Amino acid sequence: MSEYDPQELESKWRSRWREQGRYEADPAGDEETTFVTVPYPYPSGGMHIGHARTYTVPDVYARYRRLQGDNVLFPIAWHVTGTPIIGAVERLKKGEEEQLDVLKNTYNVDEDTLQDLETPMGFARHFIEEHYKKGMQDLGLSIDWRREFTTNDDRYSQFISWQYRTLKERGLLEKGLHPVKYCTNEDQPVTTHDILEGEEAEFQEYTLVEFGATIDDADVTVPMATLRPETVRGVTNAYIDPGAEYVVAEVDGEFWFVSAQAARKLDLQGRDVEVRYEYSGEALVGETVTNPVTGDEVLVLPAGFVDADNATGVVMSVPAHSPDDYLALQEAKADDARMEQYGIDPAAVDAIEPIPILDIEGYGDIPAKSAVEDAGITSSEDPELESVTQDLYNAEFHSGELHDDYGEFAGGVVEDVRDEFKEAYLGEAFDTMQEFSEEVVCRCGGDVEVAKQDTWFLRYNDADWKRKAHDAVAQLDAIPDNTREQYDHTVDWLNEWPCIRNYGLGTRLPWDEDFVIEPLSDSTIYMAYYTIAHRISDVPVEDLTQEFFDALFYGADAVEGEAPEQALELREEWDYWYPVDYRCSANDLVNNHLTFFLFHHAELFDPDNWPEGITVMGMGLLEGEKMSSSKGHVVLPGEAISNYGADTVRFFLMNSAEPWQDYDWRDDQVETTQDQLERFWRRAREVVDAPEGDRDALVQADRWLLARLQETVATVTEAMENFETRTASQAAFYNLEEDLRWYRRRRDLDAPGARWTQRRVLETRLKLLAPFTPFMANELHEDITGEPAEDAAWPAVDDAFVDESVLVEERLVEDLTADVNDIVDVTDTDPDVVRVYAAADWKYDVLDTVRDVGSDVGQVMSEVMSDPELREKGNAVNDLAQDLVEFVRERDDDELDALAGVDERDVYEAAADFLGREFDATVEVYTEGGDDVVDPADKADRAQPYRPAVHIE
RNA sequence: GCGAGGGUAGCCAAGCCAGGAAACGGCGGCGGACUCAAGAUCCGCUCCUGUAGAGGUCCAAGGGUUCAAAUCCCUUCCCUCGCACCA
C-alpha cells in the first residue's frame, strides 16, 4: 500500500484484530497487569465525538501499557439503569416531534427501525449496537468484547443485590422521609425528564414561624413562611391575601391557619392534615397575631402581593430588612381608605415603624429604607427592586451582624448563625415546610409539588465511612493532582443519598421489590464485575446467592460451610485483575460518580483493591460551542471517521489538549491533522522503500538526530506515564518532525549513514505513535520490520546515542545559521562571502573565571584584572564579563560542561559547506586574532565564546 | 455566595509547580524557492522600530518581593465547570 488510504488500511486492521481476538485478555503468568476502565455509556441516544475522546484516552494508555509488556484489560458494558431510556421511549411512542427529529436526523434512525425502539431494551440495544459499539470498533479501541453486559441483566442484578444487602447489613443504608417532585395530577413522583416547566426548580426549606392568633374565639397557630428565620425579631406586622381561600386545619394535632393549597402541600409532606374550617383571608385581616419569639402583638394587613399558593400563604413583614416589606408598609400607610375598608384604624398602621435587627456596612440604620432610597425606588412595581433586594439580602447574609437582643447569637454574622438560630427554635416557635423555588409543571399538565416519601438512603454521612473514603483518596493517583482536593471536599460534603427510585430499568431493591436502585448507586463497584463477566454466564442465575459473591470477593473463609466452587474459580480472575489501575472519566463526575466509586470500594474491599488512579477529562466543544444532541449540534464518530479516518480522529483528540483540559473539535483543524498524517505516511513510505543503510557510516548530523530521538523517547515515556497525551504526541510527532526538518537541510539523505538513521528514527517513532495512531503505525512498522508495532516493545533510551556534546555543537550551527539569516534579512543583502570568527582564547579564560567566581560582575572583574594581560584590554573585558555573566546564568552546568569540551572553530569549519549551500556563498572560518585572519570590516573582535562574529559581503 | 479551574501575540495553545531568551508548537496571513500552472513540499517573515546579528514595549488590570517576574505574593476585574437526588 503506497498511497495513504485510511479507510482501506483501517478496515484491514479492524478485521485482523477481530479475527485474532487481539485484545481479549486472560490471566497468564506473573507479568504486570493493567486494568483500565471508563464509565459505561448510557445509550439513551447516540455516541458523539465527545464520547470518542473519553474512550480513546484509556485506549491510548492501554496500548501504551501493552507495549511496556503488561497484560492489559480494557472492558466495556452498557448502563441502562433508570428512567432516561424509558422516558425517551415514551416520547417516541407519543410521537413527540422533537424526539423524532433527533432520532431521525441526528442519529439517522430509519423509518423501519423506529418500531424496534419502542421498548426500553430495544431502544438501548439499537444505540448500543449501531452507535456505541460500532463507533468504538471503528475507532480501534482495544476492548475485550467478550465481557460486555448491561445493567439490566439478571446476573448483574444479582451482583448489585449482593452489594446492597451487604451495605444494609453493615448499617450503611437507612430508611427515611425525603422530598421528591410529585405530580398532583398523576399522583406519582416525577423526574426532571417528566417536567415541562421549572426543570431548574430547587427544593427550598421554609421556616414556619408559629404566630399565635384567635379566630372565632379559638386559639390557632398562624405559621408564617420565611427563608430568613433570623429576621423574626424584626417583624412589625403580617400580610395576607384577603381574597384567597384559607382553612383552619388540624396539622399533627395542632390547629393551623393556612391557605387551602398549603394544607394540601403539608399533607403531601408527610403531615397528618385534617381540614376543619374554611375561611377567606379577610378573616384574619385587622386581627393581631403574637410573635412566638418576642411575644409582640402585631397587626395583620391585607396585601395583594401575597401568593396563597406559595408556602403557607401568610407572610411576616420585616420592613427594616426587606425592601418589599418596606415599600408595602409605606403603601399601606398611604392608603387610609383601603385600611378603613378592612376595618383597620389608619393610625395603627401609621404607628408601625421598622425594627432593625442587624447592622451592615454600607447601609443606614434601617437597611431596607436606605437601599430603596439610594436606588430612588418609590414603588413596589419598580423593576429595579428585585436586584436591590438581592444585593441587600446578599449583604445581610454575608456581613450582617445580629443585634444584642439575639442573646447567644448577638454579634454573629447571619451566614454563620442562621442554621443554629433556626435549630434553636425548631419544635417550639418554628416548624418547616418544603417549597419549590419556582412553579413546576408536569408534562401531563399537572401541578408538581414537593412531597415527602419513604426512601432508602446511602449513609455517606457516616463518619467511619467518610474516613475510609478519605483514606482511599489519599492513596489515589489523582490526575491531574489538583482533583484530589475536590474528592476530599466531596467526601466531606456528601450527605445521605437517596439510592432508590419508584420506577426505571435496573435492579430491584432486594428486600422491597417496589423500588429500583438508581443509576449512580448501581455503578460504583461494577468494575469488579468485568473481571468475571465473560465467565459468570456459566453459573445459573439462581446460584448467584449472597454466599456466592461473599466467596467470590472475600474468599472461602467468608462463608459458612463449603464455598461454591465456581465462585472460587471466578475469584482467581478477580484477584488477578483487581484493583482498577486507572479509571478515566469526565470531570463533572467528580462530585458524584467518582466519589461514590471511592466510597464503595473503601467500604467493600481491602485497601489493596482500592482504585489506584483516576484520570478526569475535560469537556468537548464543537466549533467553539457546547455540543448538544437535541439541537443536532454534534459530530458523530462514524461521520468523522469516514471523512478523516480513525487515526486522524484519534490523533486530533489526543493532541489538541491534555485529557483533563477542554478541547474544541474544529473541522479545519481536523483537516490539517489529516494532511499532516498523510505527509507523515508519504515520508515514511520513502524510508521503508529505501535501502537499509549502514550504521557504521554515521556522521555528526546523524548522531545529532539520534541523540534528539533519545530525548524524545524519554519525554514521551514520561508523558505517557502521566496520561499527558498531548505532550507525548506533540513530542513524538511535531517536535521530532522539526528535528527532521533541520536534519533534511543538514544531511545528504541518500548516504548510507543517513539511510540507517532515518530507518532507526522511523521505527522508534512508529512505536511511540502506535498508541495514538494504531492503524497507520502498525502497518508501517510491519512493512519495515515484519511485525506490527503493537507486537514490539516500547523503546528505551539507547545510551549509545545519548550525546550532550553533539547536541550543543549542532546548536551552535543552528544559532550561527539564524544569526547570518538575521543579518541577511536586516541588511537585505545576498552575500557572496560569509566570514565567521570564533572568539580569541583569552575570552574563554574570562568565561572560566565567570564560572568559577559566580554572577557578581564586580568580583569577576577584580579577579580578571589581576591578570596584567587582560587588564590591558580594559573596557573590552568589562563588557565581555557582563555578557558572559548573563550567558552563564541562562545555562545549566551540564550544558556549560558540554560546551567547554567543544572546539568552536572545528564545528564551524565542519559546517562551512552546509552554510555555503544555505546562503549560496563562500564561507570562511577564522579565529579572532589568528595569524591568517581576514577581517575587512573589523568585525572579529565582536566574537564571544559560543557566539562567533560574522561578516557578510 | 461556596468549591475548582482559567484569562499569554489575529485564532488555538506551551511555559507558571522548581523566577533568568519577544515567550515552544500549530492554524491563519505575507514574501520567496520549486512548477507551464495548481496542489504538495521547502525556506524566511508575521508586537513596534531598525540597511549588522540590535533596541523598545509586552503575557487580564493594578500594586509588591527580587539584581531579575508570564512565572512568587497581595488587590481588583472577567470567563468556565460543579453546588445533589438528572445521568
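Scroll up a little and you will see the structure.
What you see is a predicted model, and the numbers here were worked out from it, not measured in a lab.

Participant: Before we go on, may I ask you to explain the overall build of chain A in this structure?
Facilitator: On a plain count of helices and strands, chain A comes out with 33 helices and 32 strands. By its C-alpha atoms, chain A is 125 × 80 × 55 Å across when sized along the principal axes. Counting the 953 residues in chain A, one finds 55% classified as buried. Averaging the coordinates of the 82 positive side-chain charges in chain A and doing the same for the 210 negative ones gives two points 7 Å apart.

Participant: Is there a simple way to explain the side chain of Asn778 in this structure?
Facilitator: With respect to the secondary-structure elements, Asn778 resides in helix H26 (residues 774-785). Those residues in contact with Asn778, other than ones at most four positions away along the chain, are Trp13, Trp17, Pro788, Ala789 and Glu790.

Participant: Sorry if this is basic, but what is going on with the protein's contact with RNA strand B here?
Facilitator: Neighbouring RNA strand B are 52 residues, the closest being Pro498, Arg501, Asn591, Asn592 and Arg679. Between RNA strand B and Arg942, the relevant distance is 3.5 Å, taken from a sugar or linking oxygen to a side-chain nitrogen or oxygen of the residue. The side chain of His951 places a nitrogen or oxygen atom 3.5 Å from a base nitrogen of RNA strand B. With 7 residues, helix H27 (residues 804-827) is the single largest residue contributor to the surface near RNA strand B. Here the surface near RNA strand B is composed, by residue class, of 14 nonpolar, 19 polar and 19 charged.

Participant: Just to check I follow, could you spell out the pattern of salt bridges for this structure?
Facilitator: Between side chains of opposite charge, a pair can form when the charged atoms approach closely. Considering all chains together, one arrives at 64 salt bridges under this definition. Notably, a salt bridge pairs Arg14 with Glu10, separated by 3.6 Å at the nearest N-O pair. Of the two residues, Arg14 and Glu10 both sit in helix H1 (residues 6-20), 4 residues apart, roughly one turn of that helix. Classification of Glu10 by relative accessible area gives buried; the value is 0%. Here Glu569 makes a salt bridge to Arg535, at a shortest N to O gap of 3.6 Å.

Participant: Would you explain the sheet that holds strand S28 (residues 625-626) in this entry?
Facilitator: Within a beta sheet, neighbouring strands are joined by backbone hydrogen bonds and run either parallel or antiparallel to one another. Strand order in the open sheet formed by 3 strands is S28-S27-S29, and the pairing between neighbours is mixed. At either end of the open sheet lies a strand with only one pairing partner, and these are S28 and strand S29 (663-665).

Definitions and limits used
Residues numbered from 1 in each chain as written. Chains lettered and ligands numbered in written order. Predicted model: local features only at pLDDT ≥ 70, side-chain atom pairs only at ≥ 80, totals over all residues. Heavy atoms only, no water. Helix = DSSP H or I, 4+ residues; strand = E, 2+ residues; numbered from the N terminus. Buried < 20%, exposed > 50% of the residue type's maximum accessible area, 1.4 Å probe, protein only. Lys, Arg positive; Asp, Glu negative; His and termini not counted. Charge placed at Lys NZ, Arg CZ, Asp CG, Glu CD. Contact = heavy atoms within 4.5 Å. Near = heavy atom within 4 Å. Polar contact = N/O pair within 3.5 Å; in protein donor to acceptor, adjacent residues only side chain to side chain. Nonpolar A, V, L, I, M, F, W, Y, C, P; charged D, E, K, R; others polar. Salt bridge = Lys/Arg side-chain N within 4 Å of Asp/Glu carboxyl O. Pairing = 2+ DSSP bridges.

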